[in-house]
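Fold and geometry: a report
Here is what each chain is made of, one letter per residue.
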Amino acid sequence: MDNLSQWLLVLGGILGGVATSVLAYIAWRTWKKQQAKHVLKLFVSIQMNNLQPNEYEEIHRNVSKTIDIIEGLNRDVKVYWFNKKYPSHHIVSRDDINIDEYMMAIDNCDHFLAVIPEKVHSSIFFESGYALAKGKGCYFFTPLNKQVLPSIMEGSSDVYTNAKKVVYDGMPDFIHKFVQLVPHLHLSADGMQIN
């Protein structure tokens, strides 16, 4: 092989290495930008039916305060909470609920968080089952010393890795546990990774 051929071979190797490095860097930067743009999406549900007005209003007030804290601390978290505009459950009618939008919000969330203070008839159990079946990270907030979850739902956190029961002792403890939980929620390709 003559000197020119050797020189061209070396030059080709160097240029190929540089081109590969540049392409790898561009791919890495694109991936980092996409990761930075993704927002953690939470769906929060609270019971409405069969709660006394003062029970619902207290839960609403504390969940609202908690969501404000979370969104204030982390701009990369988006919370869908239907109840936000309903401080009293007496002002909600079936006409206010767009079922397609509501269910799509569960489909699009990364994690589903349910606040279940009482063992009463509520659509929150349907929503929780739907989110669990869709593989969403599911957290069921329940009060200490109260058995409020149906048996199968109670056992789901022992069987499914994407379901956890979080017990709270009063509303201040609920706020604390909810706010402390959010930084530990992660994004994943399918939106169901929880720690």
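Here is what the cut-offs are and how they apply
Residues numbered from 1 in each chain as written. Predicted model: local features only at pLDDT ≥ 70, side-chain atom pairs only at ≥ 80, totals over all residues. Heavy atoms only, no water. Helix = DSSP H or I, 4+ residues; strand = E, 2+ residues; numbered from the N terminus. Contact = heavy atoms within 4.5 Å. Buried < 20%, exposed > 50% of the residue type's maximum accessible area, 1.4 Å probe, protein only. Arc of directions from axis to C-beta. pLDDT = per-residue confidence, 0-100. Core = buried A, V, L, I, M, F, W, Y, C linked by side-chain atoms within 4.5 Å. Polar contact = N/O pair within 3.5 Å; in protein donor to acceptor, adjacent residues only side chain to side chain. Axes fitted to C-alpha atoms, helices over the stretch in contact; angles between N-to-C directions. Parallel < 35°, antiparallel > 145°, perpendicular 65-115°, else oblique. Left-handed = near helix turned anticlockwise from the far one by under 90°. Nonpolar A, V, L, I, M, F, W, Y, C, P; charged D, E, K, R; others polar. Pairing = 2+ DSSP bridges. Right-handed = clockwise from strand over helix to strand, strands pointing away.

1. Overview of the side chain of glutamate 127
With respect to the element layout, glutamate 127 can be found in helix α4 (residues 124-133). If sequence neighbours within four positions are ignored, glutamate 127 has contacts with Phe43, Ser45, Tyr102, Ile106 and Phe112.

2. Some points on unusual backbone geometry
Look at asparagine 145: it is not a glycine, yet its phi comes out positive at around 65°. Within the secondary structure, asparagine 145 is located in the loop between β4 (137-143) and α5 (151-159).

3. A few points about helix α6 (residues 171-181)
Along α6, the positions that sit buried rather than exposed are Met171, Phe174, Ile175, Phe178, Val179 and Leu181. Angular distribution of buried residues about the axis of α6 spans 160°; they occupy a single face of the element. Packing partners of the buried residues in α6 comprise β1 (40-46), α2 (53-73), β3 (111-115), β4 and β5 (163-168).

4. Regarding the confidence of the model for the protein
Looking at the protein, pLDDT values average 81 and 78% of them are 70 or higher. Throughout residues 188-195 the model reports pLDDT below 50, and contacts reaching past four residues in sequence, or to other chains, amount to 23 contacts.

5. Comments concerning the nonpolar core
It is characteristic of soluble globular proteins that their nonpolar side chains tend to be buried jointly. Formed by 50 residues in total, the largest nonpolar core has its most connected members in Val63, Ile116, Phe141 and Phe174. Top element by residues in this core is α6. It accounts for 6 residues. Residue contacts for valine 63: discarding those within four places in its chain leaves Val44, Ile46, Trp81, Val115 and Phe174.

6. So, helix α3 (residues 99-108)
Three or four residues apart is the spacing at which side chains of an α-helix point the same way, because the helix has 3.6 residues per turn. The set of residues buried in α3 consists of Tyr102, Met103, Ala105 and Ile106. Considered in projection along α3, the buried side chains sweep an arc of 150° and stay on one side of the axis. In this fold, the buried residues of α3 make contact with β1, β2 (77-80), β3 and α4. Here α3 starts with a cap whose side-chain oxygen sits 3.2 Å from the backbone nitrogen of aspartate 100, and that cap is asparagine 98.

7. Quick word on the packing of α3 against α4
Direction vectors running N to C along α3 and α4 enclose 40°, while the axes themselves pass 10 Å from each other. The pairing of α3 with α4 is recorded here as oblique in orientation. Regarding α3 and α4, the two cross each other, and that crossing is right-handed. Along the contact surface, α3 presents Tyr102, Met103, Ile106 and Asp107, while α4 presents Phe126, Glu127, Tyr130 and Ala131. For the contact of α3 with α4, the per-class residue count stands at 6 nonpolar, no polar and 2 charged.

8. Details of the pairing of β1
Of all 7 residues making up β1, 6 are buried, and the element is well covered by its neighbours. By the bridge criterion, 4 bridges tie β1 to β2 in an arrangement that is parallel. Across the sheet, residue leucine 42 finds its bridge partner in β2, namely valine 79. One crossover worth recording links β1 to the parallel β2 by way of α2, and it is right-handed. Relative to β3, β1 runs parallel, the two being bridged by 5 bridges. Note on β3: the bridge partner recorded for phenylalanine 43 is phenylalanine 112.

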